[in-house]
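# Chain and residue survey
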Amino acid sequence: MSSVVAQSHYIFGVRSDVANNLCFLDDQTVVYPAGNHCVCHNIDLKWQRFIPGKEKSSGMCAIAISANRRYLAVSECADEGTISVYDLREDPSRKRKVLGGGDVLVRQFVCMAFSTDSKYVIGQSGDPDWTLFYWMWEKQRVMATVKTGGVTNPIYQVSFNPENHTEICVSGKGVFKLLHYFEGSLKQSSSPKLESHNFLAHGWMSKTRVIAGTDAGSLMVFDSGDLRREFSVTASFPMQDAERWGVDSLIGAVLGSSGCLNTRRVFLPFSSVNGRKQKDSTLIEADRDARITSIVAYSRGFACSAGKGAVCLFEKTEEKDYIKTREILIPEDHSISEFSQAKQQEILTLCISPSEETLAASTDSGQLYSISLSSAEMCKEEQVHFEFLSHFFHSDAVTGLSVCSRKPLVATCSVDCSVCIWNYESNTLELYKGFQEEPYSVALHPLGIFMLTGFADKLCFMNLLTDDIRTFKEFSVRGCRECAFSHGGHMFAAVNGNIILIYSSVTFENTLSLKGHNGKVRSIIWSEDDSSLVSCGTDGAVYEWSTLSGKRLSESVLKSCSYSCVTMCPDAKTVFAAGSDCSIKEIQDCQILREIPTEDVLYTTIAMSHSGRLLFAGTSAGTIRTIKYPLPVKNVWTEYQGHAAPITKMVITSNDQMLLTVSEDGCLLIWKLIDKEGWGLKRDKEIHYAEETLITKLDLEEKNQAMLELKTRVHELQIENEYHLRLKDMNYKEKTKELTGKFVQQIELLETKNQVLRSEKDKQELVHKEAMAELAARHSRELQDAESTNNQKLILEYEKYQELLLKSQRMEEDYEQKLQSLEKSKVQELEERTRFYGDQLQESLLTLEQHQSDAGQKVLELEECNKQMEEDGEREIQDLRLKYERKLKDEKDTNLQLMGEIGVMRKKLISVQQETDRRNQDINKMKQEEQKILGVIKSLEKEIQGLRKEIQERDETIQDKEKRIFDLKKKNQELEKFKFVLDYKIKDLKKQIEPRENEIKEMKGQIREMEGELEQFQNQNTQLDLTIADLKMKLKTSETETHRQIQKVRQLETLVDRFKTDLHNCVGHIQEPRKLKDSICKLYHRYVQQSDLVDIVAMDADIEKEYSRQREHMERTMASLQKKLAKESEVHHAEHVKIMKENVSLIREINQLRSELRLVHAQLHEYKNQENLSKNHRGRSYSGIADGATGPGGGARPGLMEESGTVIQLQHGRGSQPQTRRSRLTNLPALST
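Now for a description of the structure that goes with this document. All values reported here derive from a predicted model rather than from experimental measurement. (Residues numbered from 1 in each chain as written. Predicted model: local features only at pLDDT ≥ 70, side-chain atom pairs only at ≥ 80, totals over all residues. Heavy atoms only, no water.)

## What about the overall build of the chain?
From N to C terminus, the chain includes seven helices and 59 strands. Here the chain holds 1233 residues, and 35% of them are scored as buried. Intrachain contacts of the chain at a sequence separation of at least 6 include 48% that bridge at least 24 residues. In the form shown here, the chain has an accessible surface area of approximately 78800 Å², with 53% of it arising from carbon and sulfur atoms. (Helix = DSSP H or I, 4+ residues; strand = E, 2+ residues; numbered from the N terminus. Buried < 20%, exposed > 50% of the residue type's maximum accessible area, 1.4 Å probe, protein only. Contact = heavy atoms within 4.5 Å. Areas by Shrake-Rupley, 256 points an atom, 1.4 Å probe, with all protein chains shown as cover.)

## Section: unusual backbone geometry
With omega at 0°, the peptide bond leading from Asp-91 into Pro-92 counts as cis. Following the sequence through the fold, Pro-92 ends up in the loop between β8 (82-87) and β9 (94-99). The omega torsion of the bond from Asp-127 to Pro-128 falls at -5°, within 30 degrees of zero and hence cis.

## Details of the pattern of salt bridges
Pairing between side chains of opposite charge can happen when the charged atoms of each approach one another. Taken as a whole and assessed by the stated rule, the structure comprises 21 salt bridges. Note that Arg-70 is salt-bridged to Asp-87, the shortest N-O span being 3.2 Å. Within this pair, whereas Arg-70 is found in the loop between β6 (60-65) and β7 (71-76), its partner Asp-87 is found in strand β8, the two being separated by 17 residues in sequence. Exposure remark for Asp-87: the relative accessible area of 1% places this residue in the buried category. Here Arg-209 makes a salt bridge to Asp-223, at a shortest N to O gap of 4.0 Å. Residue Arg-209 is found in strand β19 (residues 209-214), and its partner Asp-223 is found in strand β20 (residues 218-223); the two are separated by 14 residues along the sequence. Each member of the pair Arg-209 and Asp-223 is classed as buried. Residues joined by salt bridges that share partners form a network here, namely Lys-433, Asp-468, Arg-470 and Asp-699. (Salt bridge = Lys/Arg side-chain N within 4 Å of Asp/Glu carboxyl O.)

## Let's talk about the nonpolar core
Grouped together as the largest cluster of nonpolar side chains are 47 residues, with contacts concentrated most on Tyr-32, Ile-624, Leu-659 and Leu-660. For this core, the elements supplying multiple residues, two or more each, are β1 (4-12), β3 (29-34), β33 (398-403), β35 (418-423), β54 (614-619), β57 (647-652), β58 (658-663) and β59 (668-675). Discounting residues that sit within four places of it in the chain, Leu-659 has contacts with Phe-616, Ile-624, Met-650, Val-651, Ile-652, Leu-669, Ile-670, Trp-671 and Leu-673. Tyr-120, Leu-132, Tyr-134 and Val-146 belong to the second largest nonpolar core, which has 20 residues in total. (Core = buried A, V, L, I, M, F, W, Y, C linked by side-chain atoms within 4.5 Å.)

## Overview of the sheet that holds strand β15 (residues 164-172)
The strand order across the open sheet built from four strands is β14-β15-β16-β17, with neighbouring strands paired in antiparallel fashion. Both outer strands of the open sheet, β14 (155-161) and β17 (185-190), are each paired with one neighbouring strand and no more. When strand polarity is set aside, the average angle formed by the axes of neighbouring strands in this sheet is 30°. Summarising the sheet, β14 and β15 pair through six bridges and their orientation is antiparallel. Each residue of the ladder has a partner; that of Phe-160, found in β15, is Ile-168. (Pairing = 2+ DSSP bridges. Axes fitted to C-alpha atoms, helices over the stretch in contact; angles between N-to-C directions.)

## Here we look at the sheet that holds strand β51 (residues 583-588)
A sheet is described by the order of its strands in space; here four strands give the open sequence β49-β50-β51-β52, paired in antiparallel fashion. Across the chains shown, the open sheet's two edge strands, defined by having one partner strand only, are β49 (563-568) and β52 (591-597). On average, each strand axis in the sheet is tilted by 20° relative to the strand beside it, whichever way the strands run. By the bridge criterion, six bridges tie β51 to β52 in an arrangement that is antiparallel. Bridging from a neighbouring strand, Gln-588 pairs with Gln-591 of β52.

## Observations concerning the pairing of strand β4 (residues 37-42)
Of all six residues making up β4, six are buried, and the element is well covered by its neighbours. Side chains His-37, Val-39 and His-41 project from β4 onto one buried face, and the interleaved Cys-38, Cys-40 and Asn-42 project onto a second face that is buried too. Hairpin remark: β3 followed by β4, antiparallel, with two residues in the connecting loop; positive phi at Gly-35, about 65°. By the bridge criterion, five bridges tie β4 to strand β5 (residues 48-52) in an arrangement that is antiparallel. Bridge assignment links His-41 to a residue of β5, and that residue is Gln-48.

## Some remarks on a nonpolar patch on the surface
The grouping of Tyr-798, Tyr-801 and Leu-805 at the surface amounts to a nonpolar patch, some 340 Å² of accessible area in total. Structurally, the position occupied by Tyr-798 is in helix α3 (residues 697-1067). (Patch = residues over 30% accessible without salt bridge, like charges linked within 9 Å, V, L, I, M, F, W, Y side chains within 5 Å.)

## A look at the pairing of strand β45 (residues 521-526)
Within a regular strand, the side chains alternate between the two sheet faces. Examined bridge by bridge, β45 and strand β46 (residues 532-537) share five bridges and lie antiparallel to one another. Across the sheet, the residue bridging to Ser-523 is Cys-536, located in β46.

## What about the packing of aromatic side chains?
Tallied over the entire structure, the rule returns 35 aromatic pairs. Relative to Phe-222, the ring of Phe-176 has its centre 4.1 Å away and its plane inclined at 15°; by these criteria the two rings are stacked. Here Phe-176 is found in strand β16 (residues 175-182), whereas its partner Phe-222 is found in strand β20, with 46 residues between them in sequence. In this structure Phe-222 comes out as buried when scored by relative accessible area, which is 1%. Note on Phe-435 and Phe-455: the rings are 5.2 Å apart at their centroids and 65° apart in plane angle, and the pair reads as edge-to-face. Of this pair, Phe-435 sits in the loop between β36 (428-434) and β37 (441-444) while Phe-455 sits in the loop between β38 (450-454) and β39 (459-464); the two residues are 20 residues apart in sequence, bridging distant segments of the chain. Connected via pairs of aromatic rings, a cluster forms that spans Phe-450, Phe-461, Phe-472, Phe-475, Phe-485, Phe-492, Tyr-503 and Phe-508. Taking NZ or CZ as reference, Lys-458 lies 5.9 Å from the ring centre of Phe-455, over its face. (Phe/Tyr/Trp six-rings, centres within 6.5 Å; stacked < 30°, edge-to-face > 60°. Lys NZ or Arg CZ within 6 Å of the ring centre and 35° of its normal.)

## Here we look at a negative patch on the surface
Taken together, Glu-870, Glu-871, Asp-872, Glu-874, Glu-876 and Asp-879 make up a surface patch of like negative charges. Inspection of the secondary structure puts Asp-872 in helix α3. When its relative accessible area of 39% is taken as the criterion, Asp-872 is described as partly exposed. (Lys, Arg positive; Asp, Glu negative; His and termini not counted. Charge placed at Lys NZ, Arg CZ, Asp CG, Glu CD.)

## Structural notes on α3
Compared with the 555 Å implied by 1.5 Å per residue over 371 residues, the 112 Å span of α3 between its first and last C-alpha is markedly short. Taken as a whole, α3 carries its principal kink of about 25° at Leu-898. Along α3, the positions that sit buried rather than exposed are Asp-699, Tyr-732, Thr-736, Leu-982, Glu-1013, Phe-1017, Lys-1048, Leu-1055, Asp-1062 and Cys-1066. (Expected span 1.5 Å × (residues − 1). Bend = angle between axes of the 7 residues up to and from the residue.)

## Considering the environment of Leu-501
With respect to the helices and strands, Leu-501 occurs in strand β43 (residues 499-504). Taking relative accessible area as the criterion, Leu-501 reaches 11% and is therefore assigned buried. Linking Leu-501 and Ser-513, residues twelve residues apart in sequence, is a C-alpha distance of 4.7 Å. Beyond its immediate sequence surroundings of up to four residues, Leu-501 is in contact with Val-477, Phe-492, Ala-493, Ala-494, Asn-496, Asn-510, Leu-512 and Ser-513.

The structure is reproduced here in structure tokens:
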């Protein structure tokens, strides 16, 4: 238990203040920031992998994933802004590189992007420099930097060209730049003047095309840096040039199909002719706000956010334009609240999975949504709705946390006016509900079927139903910021300011009111046996109350500290409290035994493990600390980074396996507590969770009635379907007869056509053969002519080549002669120069020798001068020492006299300086006030001048608008005339269209019926083809059998003829008996054997018939056996899975029992040590115990002699605790089913 490690297991929540806070790792896994982690969340399997943030960082700013989905870049703020690059293919993800600004001081990186080859990274820094950095990140080398924005022109997004990593796009407020990297610098390639636009997002559609979105809801298409088109995201279709549409189509687009005015914004795009931009667009203002905050491209087009709660899908057309095909909305979730504002969420980030199957979105309220693009395209409606990616999350600080013992449930409440019930074993959201007012506190009943929720004006006792949270009872407890059920569940405590109210959860009566705190109560906790309750408050008091009598058992008051949280040991003898003095206090017998100070952080919440061996503390920096108990001599703890904001609440589950923390960042983090050997922590007894839930009688009756109605409806539908099937069978049989006759006629016609076509084919083959022979003869002639002409050309070229060879040889000889003459001249010049420079060297050497001799003489002279100067200096120093020693004595005497005078003068100086400082402060304040007043006067004068100018400008504009109004009135009259004519035409056309539409609908219905009938006929034809093939096979077999039978008949006839002839011969020997006998014997030997053979052949035919019959029977039995085998294999597989699960559960139980054995051995050893220590220290501590007993509240606490005995009794009496709890639980109302 001493070597415990807290490991991040699961987190609920998303940080919406991080740029690009959602991206796909693969089709099933998304990456998003939560707390101080980056979470890899698997959507299908519901597991999470964590990438922890940097220690002592102030939070994440942005994330980015590479194109190959291998690397993740995370921007974090600390003393300096850095970008950490992680390898996602390793588990755990390894930090590869850390990128910084180098010599440039960077506070934070606002946005980042990877290149398509994942070798380069760009990062945009924030205030005050707004510098863009270009790295080769694997070598941590800054390739180039450039300033892109400023304080008034912030940058929102940077990105690489998907096909060229040297081209970068930067967009922001009044900024849209395309930068090129060339020779170590980033240069701007185009500079369109767009200062009036605020670009929030952009996306690359191709190598040269970029689409950018503004806060005004317009999409701008840039091609090679030039603005080509502009259209609105709210338009129902992109309109083409005005020349194509004309006045009539424009009026139709504005009026719509129903003739009423369409309030959507409509743009006519810019048309480009010969490189010029001709702006032929008219704008019709829209009612709704449509900020485009995210754009993501995919193969068929792009998706972009379209204001609050909406996403638009655009697809490419053949003319390289984009058409709006679908609108996806965030649905209103009335299960959260009747006044849900889910549609008012603004979408911050969009991302598409690698297979382009799923579109995911994150919002400014910390929610994640997703939708299948294939299902959205198949939907017939124009508007489709998102679904939650995993669960509903809290969007603001979480203020309440509670856990129950009978179920793996956790309750949380938040500033966003919602209450959630989570399951920490299955990592799912069980229930959630929103309210009109903020819930301050929450508490779960130990059974997990009731809940307390505190509001500003009441305390609600609620039932947790299967699909809802309903209020059962309300109490008039105002501003209840703390409430808690007892461990037995028969009582609950609620805080009302500085009073603690205790109620019975059976009768709902107020049994006790605990008064004593002078300030607000900040935390309460029940003892294990529910006999006492400990509270702490802002008045610096920690009180222990008796829940039976309502009396105060012990107290500890420290007015200099404002306590925020309190907890106690399982034996209820030691209390721990954390407060505003940045320390944890161990309180026992009304005395503070020990303090654990922190390092520049504030402890916000604390919790004690149920085994009493570990103390957990949450800090204002979002970290948790684990401290051993008994507390060590030195301040030793283990710290873990979890949240990005102060931790508000902390709870440990009843089996000591999970630690749950919530924070102001809106996240619920589940920590798994394990020891260093890897075994999970367990208590002495294993807990089996309950599975029952509450449901109201009305809901049950409604569900049962609905089930009965559905069953009757199913029975009726079965009968109707059978009747319709019989009618259809009758109709189809008649139709099949008609169709078979038609098909036979068509087959005969096709056969005649085939014969005609074959004859034509033979004729055309003869014609083609003759044409081919003529072409081959022509080709051979042309080949011979070409060969003769080419041979002549080759001869001429060869002669030219020989002439050029002779010329080149002559040129080479001339160049060799010139080279030889140049070499001779160079050799002569070198010899002359070497002689000249040798003479100069000899002269310089002689001069050097003379200078060296002169320098030696001068050195000797200098040494003699130095010796004489040193001797004179020593004599003068001795004389000066004597003089100054005398002066020092005189000055020391004078200094002693002056020191007294200086002390008096210092006091006067201090008083004078204080007065001058006060006066200077007054003067500075007066000057500041004067400057403020002067600034206000100047600003007012400027405002007056500006207002005058505005008045003049507005007068001018009013005159212009009056002129325009007059012109528009004239145009309006003309358009009304057009409208009257068009209305008349529209009415005529509608009259003509309606009967035709009805006919079209009837024809479509007939076509569908015919198509269904055709499919059935096709299926029947396939079946008939199969039956025909079987009959043909049987015909073949029957033909072969008849052929055999005919052969047998012929053979028998020949035998009969032979036999007759032989008989006739035998009859001739009637008068000669011996010959007759011999001839009859010969006949017998000759014909009896052959008849046997004939019988054998007949027997073979019968055997073959029997064989074919048995073969058919065996095939049928094989098919039935295969079906049975498939069913039995499925059953066997299910049984195998069950056995595997049982084996896994048994292995877990064995491991748990082993860990429990180890814990029991360790506890026995520790109890023995404690008994020995208590025996040794009895005599020493007796006097201190007697003194403590005489103090306040000393009579109510046992001595150390009794404590050792009570520990043993508690250990032996733990077995009887569940029975007492069961007896208490039986008093509760039996509301569960």
